[in-house]
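Each chain is listed here by its residues.
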There are 2 protein chains.
Amino acid sequence: MKNLQERILSEGANLGNGILKVDSFVNHQVDPMLMDTCGKEFARRFKSLGATKVLTAEISGIAPAVTTALHLGLPVVYARKHKPITMPDQVLLTLAPSHTKGRTVELIVSPEYLAGGERVLIIDDFLASGQTILGLVRLAQTAGSTVVGIGALIEKTFEGGRDALKSLEVPIQALARISSMEDGVIEFED
Amino acid sequence: MKNLQERILSEGANLGNGILKVDSFVNHQVDPMLMDTCGKEFARRFKSLGATKVLTAEISGIAPAVTTALHLGLPVVYARKHKPITMPDQVLLTLAPSHTKGRTVELIVSPEYLAGGERVLIIDDFLASGQTILGLVRLAQTAGSTVVGIGALIEKTFEGGRDALKSLEVPIQALARISSMEDGVIEFED
């Protein structure tokens, strides 16, 4: 998506080690108009899948997941990283290694809101190694749901996430696909 | 707002000790259509304030803040509770006691995205004791910005938050105002 690529080029900061800082429009400050445009585009690409629920991970997945779900007319569930007191004792929990955090994080969903028979569309901000998204896939499958599609705002194709998700045989869509961040230069796939 | 009140009555769970569980449409599962309606209503109520930025706290404030900002055409900043690696070393940080967490949480904003001269509209999911919102107010004021309005989806009027914020002399709007949760019954102000 052209306008997302342009924002990455104009405002994204390549911090080295494959870390892309997009804190001015995705990860700390959010541009709601851009998120709405991205949500509309995801809805267009995924509308034929018959999804019944959008699943994401807190925190940065929430904005694009909410706008996507708004355009599809679906509820969103965001996996929590800490169990809140309002959640029942029996939860769905999986562990996902976080590259940028340098540690393993918990992804927790209440079975109240992810039940068997759902058709789950996963939306997140980044597709890098794919470990967070694979964690969400495990939660959905453990609940007895079917993952029908995966969308990410930004893919770093050189981190292998798409390969890690290939065996699911579902459509994977990224709105900006970065093929290289070497020598401080951000290059796109297309 | 009638439809928010109705959702609270039909799906909210009164867990006792003033804890209202609205995990099926605000805090874990999100109803994006309801959030969009709430955002539109906040935008209508606050549109004359000349706000230049919406400020909220992760995690549950993000959805209503994003939809409000979308309808106002403004960027959103969400205060982080843990400093990510993409944030500079020099940050704006304040501490806020969290009633539902039973401990103090950090609220962190990068000065890159909250600078002097902004007119800040604070949006959050709950107005209870007002401590989280007061923390956001301190961050905005430390940055040299002016808080021009405060909005919450749900106010628990019996926890005194509105009084705690009174000295700011800014409009405070809540879309559903709960006056009592005693004996397991949820009562609204209006």
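In case you missed it, the structure is sitting above this.
Residues numbered from 1 in each chain as written. Chains lettered and ligands numbered in written order. Predicted model: local features only at pLDDT ≥ 70, side-chain atom pairs only at ≥ 80, totals over all residues. Heavy atoms only, no water.

Enquirer: Talk me through the overall build of chain A; I want residue IDs and the actual numbers.
Expert: Looking only at helices and strands, chain A has six helices and eleven strands in total. The C-alpha atoms of chain A give 16 Å as radius of gyration, which agrees with the globular expectation for 190 residues (16 Å, within 12%). Once the C-alpha set of chain A is aligned to its principal axes, its extents read approximately 45 × 35 × 30 Å. A total of 190 residues make up chain A; the buried ones form 59% of that total. By sequence separation, contacts in chain A at least 24 residues apart represent 61% of the contacts at least 6 residues apart. For chain A, the exposed area adds up to about 7600 Å²; of that, 47% sits on carbon and sulfur atoms. Across chain A, the 19 positively charged side chains and the 22 negatively charged ones have centroids separated by 4 Å. (Helix = DSSP H or I, 4+ residues; strand = E, 2+ residues; numbered from the N terminus. Rg over C-alpha atoms; globule rule 2.2 N^0.38 Å. Buried < 20%, exposed > 50% of the residue type's maximum accessible area, 1.4 Å probe, protein only. Contact = heavy atoms within 4.5 Å. Areas by Shrake-Rupley, 256 points an atom, 1.4 Å probe, with all protein chains shown as cover. Lys, Arg positive; Asp, Glu negative; His and termini not counted. Charge placed at Lys NZ, Arg CZ, Asp CG, Glu CD.)

Enquirer: Could you give an account of the interface of chain A and chain B, with specific residues and numbers?
Expert: In this complex, chain A contributes 40 residues to the contact, which on the side of chain B involves 40 residues. With both sides pooled, the region where chain A packs onto chain B buries about 3500 Å², and carbon together with sulfur makes up 64% of that total. Summed over the shared surface of chain A and chain B, the result is 18 residue pairs in polar contact (both at pLDDT 80 or more). Here the side of chain A that touches chain B takes five residues from helix α4 (residues 62–72) of chain A, the largest share from any one element. Of the residues assigned to the side of chain A that touches chain B, the class counts are 24 nonpolar, nine polar and seven charged. Sheet topology note: the strand β5 (residues 76–79) of chain A/strand β3 (residues 29–30) of chain B ladder contains two bridges and is antiparallel. In the sheet register, A:Val76 faces β3(B), and the bridge partner there is B:Val30. (Buried area = accessible area lost by both parts, 1.4 Å probe. Polar contact = N/O pair within 3.5 Å; in protein donor to acceptor, adjacent residues only side chain to side chain. Nonpolar A, V, L, I, M, F, W, Y, C, P; charged D, E, K, R; others polar. Pairing = 2+ DSSP bridges.)

Enquirer: Before we move on, can you summarise the sheet that holds β5(A) with the specific residues and values?
Expert: If you walk across this open sheet you meet the seven strands as β11(A)-β10(A)-β9(A)-β8(A)-β4(A)-β5(A)-β3(B), and the pairing is mixed. Sheet topology places β11 (187–188) of chain A together with β3 of chain B at the edges, where each strand pairs with a single neighbour. In this sheet, strand β9 (residues 146–156) of chain A lies alongside strand β8 (residues 119–127) of chain A in parallel orientation, the contact comprising eight bridges. What sits directly across from A:Asp124, in β9(A), is A:Ala152. Across the face of the sheet, helix α1 (residues 2–11) of chain A comes into contact with β9, β10 (172–180) and β11 of chain A while running at roughly 35° to β10(A). (Axes fitted to C-alpha atoms, helices over the stretch in contact; angles between N-to-C directions.)

Enquirer: Hey, could you go over the relation of the copies chain A and chain B for me, with residue numbers and the actual values?
Expert: Rotating chain A by 180° about the axis while translating it 0.0 Å along that axis superimposes it on chain B, leaving an RMSD of 0.0 Å. Expressed as an axis order, the relation between the two copies is that of a two-fold axis. Here 100% of the contact residues of chain A are again contact residues in chain B; the copies associate through an equivalent surface. (Least-squares fit on C-alpha atoms with pLDDT ≥ 70 in both.)

Enquirer: With reference to specific residues and values, describe the packing of helix α3 (residues 32–46) of chain A against helix α4 (residues 62–72) of chain B.
Expert: Relative orientation of the contacting elements α3(A) and α4(B) amounts to 100°, with a least axis distance of 8 Å. Considered as vectors, α3(A) and α4(B) are oriented roughly perpendicular to each other. Within the contact between the two elements, α3(A) uses A:Pro32, A:Met33 and A:Asp36 and α4(B) uses B:Val66, B:Ala69 and B:Leu70. Residue composition of the contact of α3(A) with α4(B), by class: five nonpolar, no polar and one charged. (Parallel < 35°, antiparallel > 145°, perpendicular 65-115°, else oblique.)

Enquirer: So what's going on with the sheet that holds strand β9 (residues 146–156) of chain B? Residues and values would help.
Expert: Spatial strand order, β3(A)-β5(B)-β4(B)-β8(B)-β9(B)-β10(B)-β11(B): seven strands in an open sheet with mixed pairing. Strands with a single pairing partner mark the edges of an open sheet, and in this sheet they are β3 (29–30) of chain A together with β11 (187–188) of chain B. Both strand β4 (residues 53–57) of chain B and strand β8 (residues 119–127) of chain B contribute to a ladder of three bridges, which runs parallel. Counted as the bridge partner of B:Leu55 is B:Ile122 from β8(B). Contacting β4, β5 (76–79), β8 and β9 of chain B, helix α5 (residues 131–142) of chain B crosses the sheet at an angle of about 165° to β8(B).

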